[in-house]
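# Observations on the model geometry
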Amino acid sequence: MTILGKERKEDWEVVYEGATGLIDLYEEDPESKGMNSILIGFRNFIDDIFAAIDEGKPFVWHNCGCSPELIKGLDGVQTMPIEVLTVLQDLVGEVDFTVALIDEAESHGVAPEVCSIDKAAVGAVLKDLYPEPACMLYHNTPCDSQIAAIKSLTEMMKKPMRLMDVPYLSTDREVKYLAKQLQEGIPFLEEHTGLKFDWDKFREVREESNRTAEYLRDWNELRRHRPCPQVSKIVALNTALLVAFSGEPEGTKIAKGFRDEAKERIERGESAVEGGEEYRAIWYQDPVWWDLQFYDWMESELKLVIPMDLFGYYAPEALIDTSTPQSMLEGLARKNLKVLPMSRQFKGPIDYYIDDYLRMCADYEADFAIFAGHVACKHGLGGIGLFREASREAGIPLLYFEFDMFDPRVTSAEAIQEEITHFIEDIVAPVKETV
Amino acid sequence: MGKNEILDTLREVIERPRNAYLDRWRGNGGKVMGYYCSYIPEEVFTAAGFLPYRLRGAGSKDSSDGDAYMSSRICTFVRHTVSLALRNELDFLDGVVLMQNCDHIRRAADIFAKKVKVPFNSFLSVPRAPQERLFQWYLDEVRRLKSEIESFFGLTVTNADLEKAIELHNATRERIARLYELRKRDRPPITGEEALGVTIAAHLMPKGEFNNLIDDLLIDLDGKSGNDTYRARIIVTGSEMDDPEYIASIEKQGALSVAEIACFGQRSFGDLIPAGDGDSLERIARHKFFQIPCARMVECFDEQVEMLKNTVRDFNAHAIIFQRIKFCDPWAGDGHSLYWRMKQEGIPFLSLEREYKVPAAGQVGTRVQAFLEQMGK
Ligand code: SF4
Ligand code: SF4
C-alpha cells in the first residue's frame, strides 16, 4: 500500500494499511464510533507526516511528557511524538514490528531496562523510520526512561534539543517556572524551524484544546455510569489522543467520537459487557498496548469492565484561559504539570499518584483495582508498598503484577489472564457475594 | 600514622552505617544530616553545624525491608539504603534532604517521609539541565532549604558560617585533588580500591578530622614508589560507586583504576568553590549546579564526554570501565551514548552491569580479562 501515492517504509505502510482495514471494517458500525474516530485521526496523522515530508516542512520532535501546543504555534510546522509509530503498530495489531524495533535498540546497546516504548523509538531512529527533525523539544517527564531515550536520541540525531524542566511539585510556583521556560523556548523553535511563532495561531490551538477538553471531561463523566456504557479498551487511547492531537480539530473530533458513543449507548441502555457487567475495576499504571483485545476478553469472560484507567483520566484543570499570552502559557504549563496522564501522576511525590487512584476508585465505584506494573515504570514499582498500604486502608482489593506494556515477551496474555481470573475468584467474588 | 594505618582507619569508617568519628561527633552533641546526591549543597549543612552524611547501603546484610516497599526492579543501592533506614540503622540522622535525582530515589524519599520519619525532612526540586536559564530556580531551592533548616532547628546560618564551610570543604577538595595527582604517576602509590575507600570516607565523617588524616596520608604516599605491575590503567565511571571491593575485583585482573569518576569517587568533589565577594550561598549553589554533570542531567552530554576524555588523557589511562547498577535508567541512557562516543574517540570502553553489595569477582574477572586481551594488554 502506498501513502499519498508514494511507496514509504514498510513499518509505515503496514500501520497505514492496518488502520485503513479497521476503519473499513467498522465504518458503518455505531458501536465503534470512538475506536473509529481515533483510527481515522491516526491515519490522517500519517498523511500529515508524509505530506510534510513531501512539502519539506520542518519537523519538531517531542516526547509523551510534552503536550505539543507550543510547537503548533508555529505556522507550517509538523510535530512528531517519538512514540507515535509504536503506538500505531500496537493499535493495529502489528506488534511484531514493535518487537523488532525494541530488539534493534537493544542490539545497539540500549539497556533492556529502558522502557520498551523508548527503546522502540530508538529502534525507529536506527532504522531511519522518522523524518529528520529541525529540532527537538522534550519535557523531562514522566520518567527517567524518557530521559535516557532523550539523551540517546539527541546524541544519535545531532540536532538542536531543548529541555523543558518539569519540576517535582505542581503548585502555582511550578506553573510559573514552566510557563517561563515555554516562553523562552519560542525563540529556540523559531531559530531552528525558520518559522515565526504566531500568537493568534497559538490562541486557536489553545481554544481547540479547550474544546477537546470539554468533550473529554463529559466523556470521563459518562463513563461513571452504571453499567459502564462503552468498552474498556478505548480508555487508554486518551493519552495517545492528547500527545498527538492536542490543539487540533482532529483531536476534538476524536474526543467527540468518544463522548458521543458513550452518550448514545447510555441512551440506548447499553452496557460494555454483553449480558451485563458484574465487576468494575480501575486499571492503574499502564495498559496492555500489545493486545487491546485483552480488554474484550475481560468483558466477555469475566464480565469485568474498566470504566477508567490512568491513561484515560482527564483532570479537571484542563481548561485554559486564552485571554492573554501569559494566561495561555501558564495554562499550557498547568496542562503539562497537572493534566497530561503519566506526567500528572508519575513525576512528583507518591501522594499525587495515590490520590488519583483513590479518587478514581471512588468516582467509578470500582470493586477492585488492577495495578499493571509496567516493568520500566520504576516510579510506580518503587512506590508499590506505599500504594498497597493506601489501597488496604481504603478497603480496595488490589491485584498487582508486572508486565511490559509494549513487549508481550515479558509476561504473556495467558499469564495475566490467569492472575486476574484467580484474583476475582479468590478475592473479589467472595466479598461481593457477602455484600 | 602511615599509609596502612590510615587506610585501615578509613576502611572502618566505611564498613557500616555508623563509624567511630560519627559516634564521637554525636556524643559531643553534634547533629547529622543525611543526603543521597552530589546536587545537594552539603556546605549548607556544615554551615548550620551538621555533619553531612551521604547515604549508602554499607552494612546492610539484605534488602528485605526495602523489598517490602519496592519492586525488585528498583536498583539495589536504593533498596539497601531504604532497608537500613527502615531497620532504624540510620537512627543517628537528625534530618534528611533528598531530591529527585532518579525515579528510584524519588520513591525512597517517599518512604523516608512516610515510614522512616526522620525528624527533619526536606526535598529539593533540582532542574535536569545545568543551564543558566534554570539556575535561579535551583538557587531559590537552596535558599528555601537554608531557611527551613534555620526555622526547624532554631538557628541562623550567617554568611560567615557559609564562608567557613566553603573553606573546610575546599580543603577536602584540595586534598582529594592532590591524592588524584599522585595517581597520575607511572607508579601510582595507591590503588583504586584504596583511593575509593578514602573518598567514600570523606562523605561520612567530620571534614576537619578527615583532612588531618589525609594530610598524613599524602605525605606518606608522596615518598612511596607504588607499583607498575599493572597491565593497563583504567578510569572507572558510571553509576554511584561506593564499593572498593568491586574495584578490587577489577584490579585483580591487572587493570589498575587510576580515577573513579563516579559518585563517591572524584566526581563528588570537583574543583574548588572560588573565593569571591559574591553571595556565599549563590557561590555554593553555582558550584553544585554546574559541577561535572551526571547522567540525570540533559543538555550537557558533550561536557560529560569532554571531561572523560580529559581524564583519560591526564591520567594516562588506556581505557574506560563503565559500570551500572542493574535497573539504573539515567546511566542506561549515558551508557549507550558513551559506548558509541568512545568508540569514535578510539578509547576502549567496557560496560559492566552490577548489583549493589554482591561480590562480582567471577563475572568481572572474565569480562575484564577478555577486555584487556582485546586491548592487547
Ligand atoms: S510507560 Fe513508564 S517507563 Fe515508559 S515512558 Fe511512560 S512513564 Fe516512562
Ligand atoms: S544507581 Fe542509578 S538508579 Fe540507583 S540511585 Fe543511582 S541514579 Fe538512581
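Residues numbered from 1 in each chain as written. Chains lettered and ligands numbered in written order. Predicted model: local features only at pLDDT ≥ 70, side-chain atom pairs only at ≥ 80, totals over all residues. Heavy atoms only, no water.

### Re the overall build of chain B
The number of helices and strands found in chain B is 15 helices and 8 strands. Its C-alpha radius of gyration of 20 Å places chain B within 12% of the 21 Å reference for a compact globule of 377 residues. A principal-axis box enclosing the C-alpha atoms of chain B has dimensions of 60 × 45 × 40 Å. Counting all 377 residues of chain B, 63% fall into the buried class. In chain B, once contacts between residues fewer than 6 apart in sequence are set aside, the share between residues at least 24 apart is 75%. Carbon and sulfur atoms form 48% of the exposed surface of chain B, whose accessible area is close to 13,200 Å². In chain B, 51 positive and 55 negative side-chain charges are present, and the distance between their average locations comes to 3 Å. (Helix = DSSP H or I, 4+ residues; strand = E, 2+ residues; numbered from the N terminus. Rg over C-alpha atoms; globule rule 2.2 N^0.38 Å. Buried < 20%, exposed > 50% of the residue type's maximum accessible area, 1.4 Å probe, protein only. Contact = heavy atoms within 4.5 Å. Areas by Shrake-Rupley, 256 points an atom, 1.4 Å probe, with all protein chains shown as cover. Lys, Arg positive; Asp, Glu negative; His and termini not counted. Charge placed at Lys NZ, Arg CZ, Asp CG, Glu CD.)

### Observations regarding the site of ligand 2
Residue and element names in this part refer to chain B. As a matter of local geometry, ligand 2 sits amid Cys 75, Phe 77, Val 78, Cys 102, His 104, Ile 105, Ser 239 and Cys 328. If you list the elements that add at least two residues to the shell around ligand 2, you get helix H5 (76-86) and helix H6 (103-116). Classifying every residue of the shell around ligand 2 by side-chain character gives 6 nonpolar, 2 polar and no charged. (Near = heavy atom within 4 Å. Nonpolar A, V, L, I, M, F, W, Y, C, P; charged D, E, K, R; others polar.)

### Observations regarding the sheet that holds strand S8 (residues 398-403) of chain A
All names here are of chain A. Taken together, the 4 strands give an open sheet; going across it, the order is S6-S5-S7-S8, and neighbouring strands pair in parallel fashion. What marks the edges here is a single partner per strand, and that holds for strand S6 (304-309) and S8. Sheet twist, expressed as the average angle between the axes of neighbouring strands with direction ignored, equals 30 degrees. Bridge analysis of strand S7 (residues 368-374) against S8 gives 6 bridges, and the strand direction is parallel. By the bridge assignment for S8, Ala 372 is matched with Phe 401. Running over the sheet, helix H17 (residues 384-393) touches strand S5 (279-285), S7 and S8 and is turned about 160 degrees from S8. (Pairing = 2+ DSSP bridges. Axes fitted to C-alpha atoms, helices over the stretch in contact; angles between N-to-C directions.)

### Some points on the pairing of strand S4 (residues 161-164) of chain A
Of the two faces of S4 of chain A, the one carrying Met 161 and Leu 163 of chain A and the one carrying Arg 162 and Met 164 of chain A are both buried. Taken together, strand S3 (residues 135-139) of chain A, helix H7 (residues 144-157) of chain A and S4 of chain A form a β-α-β motif whose crossover is right-handed. (Right-handed = clockwise from strand over helix to strand, strands pointing away.)

### Points about the domain arrangement of chain B
All names here are of chain B. For chain B, the assigned domains read domain 1 (13-157) and domain 2 (160-375). On a C-alpha basis, the centres of domain 1 and domain 2 stand 22 Å from each other. Taken together, the contact pairs 54 residues of domain 1 with 52 residues of domain 2. A buried area of about 4,600 Å², summed over both sides, lies between domain 1 and domain 2, and 63% of it is on carbon and sulfur atoms. Contact with domain 2 buries surface across domain 1, with Tyr 39, Glu 43 and Pro 130 losing the most and accounting together for 17% of the total. Ionic pairing is found between Asp 279 and Arg 143, a salt bridge with its closest N-O pair at 3.2 Å. On inspection of domain 1 and its partner domain 2, the count reaches 25 residue pairs in polar contact (both at pLDDT 80 or more). Mapped onto the side of domain 1 that touches domain 2, the elements with two or more residues apiece are helix H1 (3-15), helix H2 (20-27), helix H3 (42-47), strand S2 (50-54), H5 and helix H7 (132-153). Residue contributions to the side of domain 1 that touches domain 2 peak at 9 residues, all from H7. (Domains from an automatic or database assignment. Buried area = accessible area lost by both parts, 1.4 Å probe. Salt bridge = Lys/Arg side-chain N within 4 Å of Asp/Glu carboxyl O. Polar contact = N/O pair within 3.5 Å; in protein donor to acceptor, adjacent residues only side chain to side chain.)

### Re the site of ligand 1
Of all residues adjacent to ligand 1, which total 14 residues, the nearest are Cys 115, Cys 143, Met 342, Cys 377 and Met 405 of chain A. Here the residues of the shell around ligand 1 are counted per class, giving 8 nonpolar, 4 polar and 2 charged.

### What to know about helix H8 (residues 172-193) of chain A
Residues and elements named next belong to chain A. An ideal rise of 1.5 Å per residue puts 32 Å on 22 residues; H8 measures up with 31 Å between its terminal C-alpha atoms. The complete set of buried residues in H8 reads Glu 174, Val 175, Tyr 177, Leu 178, Ala 179, Gln 181, Leu 182, Gly 185, Ile 186, Phe 188, Leu 189 and Thr 193. One or two residues past the end of H8 sits Gly 194, with phi positive at roughly 75 degrees. (Expected span 1.5 Å × (residues − 1).)

### Some details on the nonpolar core
All names here are of chain A. One finds Trp 12, Phe 42, Trp 283 and Ile 420 to be the most contacted residues of the largest nonpolar core, which totals 270 residues. Beyond its immediate chain neighbours, meaning those up to four positions away, Phe 42 contacts Val 84, Val 87, Leu 88, Leu 91, Ala 240, Ala 244 and Phe 245. Counting 25 residues, the second-largest nonpolar core is a separate cluster that includes Met 164, Leu 182, Leu 189 and Phe 202. (Core = buried A, V, L, I, M, F, W, Y, C linked by side-chain atoms within 4.5 Å.)

### Remarks on the packing of helix H8 (residues 159-182) of chain B against helix H10 (residues 207-222) of chain B
Between two packed helices, the angle of one axis relative to the other and the distance separating the axes together describe the packing. Residue and element names in this part refer to chain B. Where H8 contacts H10, the two axes come as close as 10 Å, and the packing angle between them is 25 degrees. Accordingly, the angle class assigned to the pair H8 and H10 is roughly parallel. With respect to the hand of their crossing, H8 and H10 are arranged in left-handed fashion. In contact with Leu 168, His 169, Ala 171, Thr 172, Arg 175, Ile 176, Arg 178, Leu 179 and Leu 182 of H8, H10 contributes Lys 207, Gly 208, Phe 210, Asn 211, Ile 214, Asp 215, Leu 217, Leu 218, Leu 221 and Asp 222. A breakdown of the residues in the contact of H8 with H10 according to their chemical character gives 10 nonpolar, 4 polar and 5 charged. (Parallel < 35°, antiparallel > 145°, perpendicular 65-115°, else oblique. Left-handed = near helix turned anticlockwise from the far one by under 90°.)

### So, the side chain of Asp 242 of chain B
Residues and elements named next belong to chain B. Inspection of the secondary structure puts Asp 242 in the loop between strand S5 (232-238) and helix H11 (244-251). On the basis of relative accessible area, Asp 242 is assigned to the buried category, the value being 0%. A distance of 2.7 Å separates a polar atom in the side chain of Asp 242 from a polar atom in the side chain of Tyr 356. The residues contacting Asp 242, other than those within four sequence positions of it, are Arg 56, Gly 57, Leu 196, Ile 200, Phe 264, Tyr 356 and Lys 357.

### Regarding the sheet that holds strand S8 (residues 349-354) of chain B
Within a sheet, neighbouring strands are paired by backbone hydrogen bonds and run either parallel or antiparallel to one another. Residues and elements named next belong to chain B. Within the open sheet, the 4 strands sit side by side as S6-S5-S7-S8. Their pairing is parallel. Pairing within the sheet leaves two strands with one partner each, and these edge strands are strand S6 (255-261) and S8. Each neighbouring strand pair of the sheet contributes to a mean axis angle of 30 degrees, computed without reference to strand direction. As defined by bridge partners, S5 adjoins strand S7 (residues 319-325) across 5 bridges and the pair is classed as parallel. Bridge pairing in S7 places Ile 235 opposite Ile 320.

### Focus on the interface of chain A and chain B
Each side of the interface is counted separately: chain A has 51 residues, and chain B has 48 residues. Taken together, both faces of the contact between chain A and chain B bury some 4,100 Å²; the carbon and sulfur share is 54%. When residues of chain A are sorted by the area they lose upon contact with chain B, Asp 144, Lys 151 and Tyr 168 of chain A head the list and together hold 18% of the total. Viewed at the interface, chain B and chain A are joined by 9 salt bridges. A salt bridge links Lys 114 of chain B to Asp 351 of chain A, with the shortest nitrogen-to-oxygen separation between them at 2.7 Å. Here chain A is connected to chain B by 31 residue pairs in polar contact (both at pLDDT 80 or more). Sorting the residues of the side of chain A that touches chain B by element identifies H7, S4, H8, helix H14 (343-346), helix H15 (350-363), helix H16 (378-381), H17 and S8 of chain A as the ones contributing at least two each.

### Regarding the packing of aromatic side chains
In this structure the tally under the stated criterion is 47 aromatic pairs over all chains. Residues Phe 322 of chain B and Trp 331 of chain B carry aromatic rings whose centres are separated by 6.1 Å and whose planes lie at 55 degrees to one another, so their mutual orientation is tilted. Counting every residue linked through ring pairs, the aromatic cluster contains Tyr 284, Phe 346, Tyr 353, Tyr 357, Phe 371, Phe 387 and Tyr 400 of chain A. Over the ring of Tyr 246 of chain B we find Arg 354 of chain B; its NZ or CZ atom is 5.3 Å from the centre of that ring. (Phe/Tyr/Trp six-rings, centres within 6.5 Å; stacked < 30°, edge-to-face > 60°. Lys NZ or Arg CZ within 6 Å of the ring centre and 35° of its normal.)

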